[in-house]
Amino acid sequence: MNHLCKSFGKLHLQPVFRNTAVSRLFSINQCQLQSTATAVTSEPEKIIVPRRIERSPTDILNALSSTVGFDPTAAHYKYHDDPYLIPTSNMAKKNFAMAQEAGRKAALWIRQENAKLFQHKEADPPVPAFIPTMVYNEESKVELTDLEKLIENVDVQDAILVYNLLKKNNVDVSPELKQSMMELLCFFNHEESLPEEFIEERWFQQGMTEKGRQRKTWKDLELAEQIFHEIEDKKPMHYCAVIRGMAKYFQVEKAWALYQETVDKGIQLDTNTFNSLLQIASFLKESYEMRWDLVCEVLTAMKNQNLKPNIGTLNAILYTITTIGGYNHPRNYALKTLSEFKKLGIEPSLASWYYMLAIFCRERGPTSHILHDIMNEIENKEFRVQDPKDTFFFVTAMDVCRNHLHDKSLAKRVNNLLHYKDNYDLIGDSYKESIYYRNYFTILCNTEPLETFMETYNLLVPNVYIPEPSVMEDILKSIEVNCASNYLPQIWSHMIQFDHTGRENLLDLILQIMVRNPPQDSALNDSFTNIAWDMYKRLEDQLAAGNGRKQQIAFSGSLLGDMLTLCCRGKDFEKAQTLFEKLNNEQNSIVGDPKVMALRAFIELCVEEKQPSLAVSCLQYCAENGFPESAEFGQLVYSSMTLSEVHIEKIKRYVGADALKAADKTEAGGK
């Protein structure tokens, strides 16, 4: 830089303009330029290079995404943009995503099984993800570096194999490497972890695997304990690793015994190890008072070792309090705990607030409005994961809004917090997301005007949330209460997409709503007829195919009667005839009888279409099934149609000659 400045100062620029004014102006600019160069030469400008900021591979994508914002009406990026390929049911979404992931797994398996065929370099420097992994067996020649790489890559089973090979070959493993190996085994309990790249499997399976974790799964006398017992001069870090592992997988007796051993030997543990002991206090003591005394004992031991508690300590204490029965004692313990940790400057995480809801808003306990106070504290704040239970807050808060407080406005506040910045990352998994929106939709459906609710419905369905059958039932009931049958064609099309057409209660409900609320609009009336006929054809196809369905809907008299009523209202005689013949010909296999209004509508349609044979057949069905209105129907057919002698004899047989005489008298009197 200095060299360039000096060279620049020695330049002599000659004016090339003959005009005096222009030449003078150029001379002035030259002087200014030379003076500037002299100043730069005397005091060179300092260039400050900013510090490098670490960026993740997706920072640019996140920045671009922030300029667009979240579009709830668009399908998730993992589904194709082709509308015919976007899944429209919960099961289809899961199958689609898991099928994609299965394809990736198959590709990885092929690459691994045929490693010799993939020797070409995909990138330089090589990307480890593109390279087949090393395969180890009992005859492999291994070194300490192999074990280090396996531990770093969290390859548990291969790490166990390589460690045993090293021991078999009398290779000395350093104490540091032994400690890393023991920590790996204790954390994963000698089992392989699900690789991070399998996002969909984590998303769809996490909620199911969390249900059965409250039992002992620790593998006793395995390699982790063997390494621990081989160490002669045990240090605090050795005890910490094993105690945490045993506590995590609920080997509570051994974990507490090791803790007592550290107390006897005067070995100091770290804060996270004490947190793991607080987590299992409810498994160590049966009575509620003894559990709280144990918590106080562990906290006193931490204080004696000059250990500062952290957010994990707070959450471990609150978790133990959730296991204490009653109403007053747990609440007092929880409030005192929060107060003490606030004095220490430790802010609660979402897991802490989740535990507070679990303590205060119990199913059979008194009503608590603590969620209002929590929302006043955390509203418009962005959170990051600090505890695995952080993902339980939103689903629990929405459940409290629906079932405990029945508060619509509070539910909206919780929903706004969920969608604030990146808080949606804390929704958890597909199971928690589904329960969250189930509660949210239910409370809005039961408390908001239907038009307002349908705005939320159209915004989130089907790309963000697909209503379960129970939610769809609440929506249909709300439509019936609000006499808003104009929404039924849309709801029926969604029921088809969401695979709800196999739910008998939903089919009965939507038919009853259409029957009870005859529309004034002819177009809507035609839509109702089409819905009824579509429903009939789908049930026919299901019964004909079988398909091995666990729940197959059998035709009932009530179901067919409602379909018949709707087809008669739509003046679709051909469809109405098909439904009546189904009802008449298979009445032995059909449970129940149709409503009398359906049979009346069909007879009136037969009269209008001048079909005496079908009208008489319907009259016969009514008489054989003991309908009291049979005589009335007989008189209607007799007085409204031109009948043959055969038809008249049949009517007399079904309703009696007296009914026809009465019809004749009525007709004569009218004349």
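Here is what the cut-offs are and how they apply
Residues numbered from 1 in each chain as written. Predicted model: local features only at pLDDT ≥ 70, side-chain atom pairs only at ≥ 80, totals over all residues. Heavy atoms only, no water. Patch = residues over 30% accessible without salt bridge, like charges linked within 9 Å, V, L, I, M, F, W, Y side chains within 5 Å. Areas by Shrake-Rupley, 256 points an atom, 1.4 Å probe, with all protein chains shown as cover. Salt bridge = Lys/Arg side-chain N within 4 Å of Asp/Glu carboxyl O. Helix = DSSP H or I, 4+ residues; strand = E, 2+ residues; numbered from the N terminus. Buried < 20%, exposed > 50% of the residue type's maximum accessible area, 1.4 Å probe, protein only. Phe/Tyr/Trp six-rings, centres within 6.5 Å; stacked < 30°, edge-to-face > 60°. Core = buried A, V, L, I, M, F, W, Y, C linked by side-chain atoms within 4.5 Å. Expected span 1.5 Å × (residues − 1). Axes fitted to C-alpha atoms, helices over the stretch in contact; angles between N-to-C directions. Parallel < 35°, antiparallel > 145°, perpendicular 65-115°, else oblique. Contact = heavy atoms within 4.5 Å. Disulfide = S-S within 2.5 Å.

Just to check I follow, could you spell out a nonpolar patch on the surface for this structure?
A contiguous nonpolar patch, built from W109, I110, L117 and F118 and spanning about 440 Å² of accessible area, is present on the exposed surface. Take F118: it is sitting in the loop between α4 (90-113) and α5 (144-152). We classify F118 as partly exposed; its relative accessible area is 32%.

When you look at the packing of aromatic side chains in this model, what are you seeing that I'm missing?
The way to describe two aromatic rings as a pair is by their centre distance and the angle between their planes. For the coordinates displayed, the defined rule picks out 23 aromatic pairs. Ring geometry for W292 against Y333: centres 4.2 Å apart, planes inclined by 5°, an arrangement best described as stacked. Separated by 41 residues along the polypeptide, W292 in helix α14 (residues 288-304) and Y333 in helix α16 (residues 328-343) bring together distant segments of the chain. Just as W292 is buried, Y333 falls in that class too.

Can you help me understand the side chain of S478 in this one?
You can see S478 is positioned in helix α23 (residues 469-481). Taking relative accessible area as the criterion, S478 reaches 8% and is therefore assigned buried.

Sorry, what's going on with the nonpolar core here?
Within soluble globular proteins, side chains that are nonpolar tend to cluster in buried spots. Judged by nonpolar contacts, the single largest core of 180 residues is most densely connected at L147, M181, L371, F393, F441, Y457 and M563. In terms of residues, this core owes the most to one element, helix α17 (residues 350-360), which gives nine residues.

Help me understand α4, please; the structure alone is not making it clear to me.
Structurally, the α-helix is built with 3.6 residues per turn, so residues lying three or four positions apart point the same way. Along its 24 residues, α4 runs 34 Å from first to last C-alpha, staying within 8% of the 34 Å computed at 1.5 Å per residue. Turning to α4, its buried residues number three or more, namely K93, F96, A97, E101 and R111.

Help me understand the packing of helix α21 (residues 430-447) against α23 in this model?
Helix-helix packing is characterised by the crossing angle of the two axes and by the distance between the axes. Where α21 contacts α23, the axes come no closer than 10 Å and their chain directions differ by 10°. Relative to α23, the element α21 is oriented roughly parallel. Across the interface between the two elements, R438, F441, T442 and C445 from α21 touch S470, V471, D474, I475 and S478 from α23.

Teacher, can you tell me more about unusual backbone geometry here?
As a rule of thumb, non-glycine residues mostly have phi less than zero, and peptide bonds are mostly trans rather than cis. In the segment running from D124 into P125, the intervening peptide bond is cis, with an omega of 5°. Among the secondary structure elements, P125 is positioned in the loop between α4 and α5. Going from V461 to P462, the amide bond is cis rather than trans, its omega being 5°. By the element assignment, P462 lies in the loop between α22 (450-460) and α23. With a phi angle near 55°, N189 is a residue other than glycine that sits in the positive phi range. You can call N189 buried: its relative accessible area is 2%. A positive phi is found at H190, a non-glycine position, where the angle reads about 65°. The residue H190 is located in the loop between α7 (175-188) and α8 (199-209) in this model.

So what exactly am I meant to see when it comes to the state of the cysteines here?
By definition, a disulfide links the sulfur atoms of two cysteines through a covalent bond. For the coordinates displayed, the defined rule picks out zero disulfides. Cysteine C567 is unpaired, with the sulfur of C568 as its nearest cysteine sulfur at 7.0 Å. Judged by its relative accessible area of 0%, C567 is buried.

Purely spatial values, then, with no claim about function.
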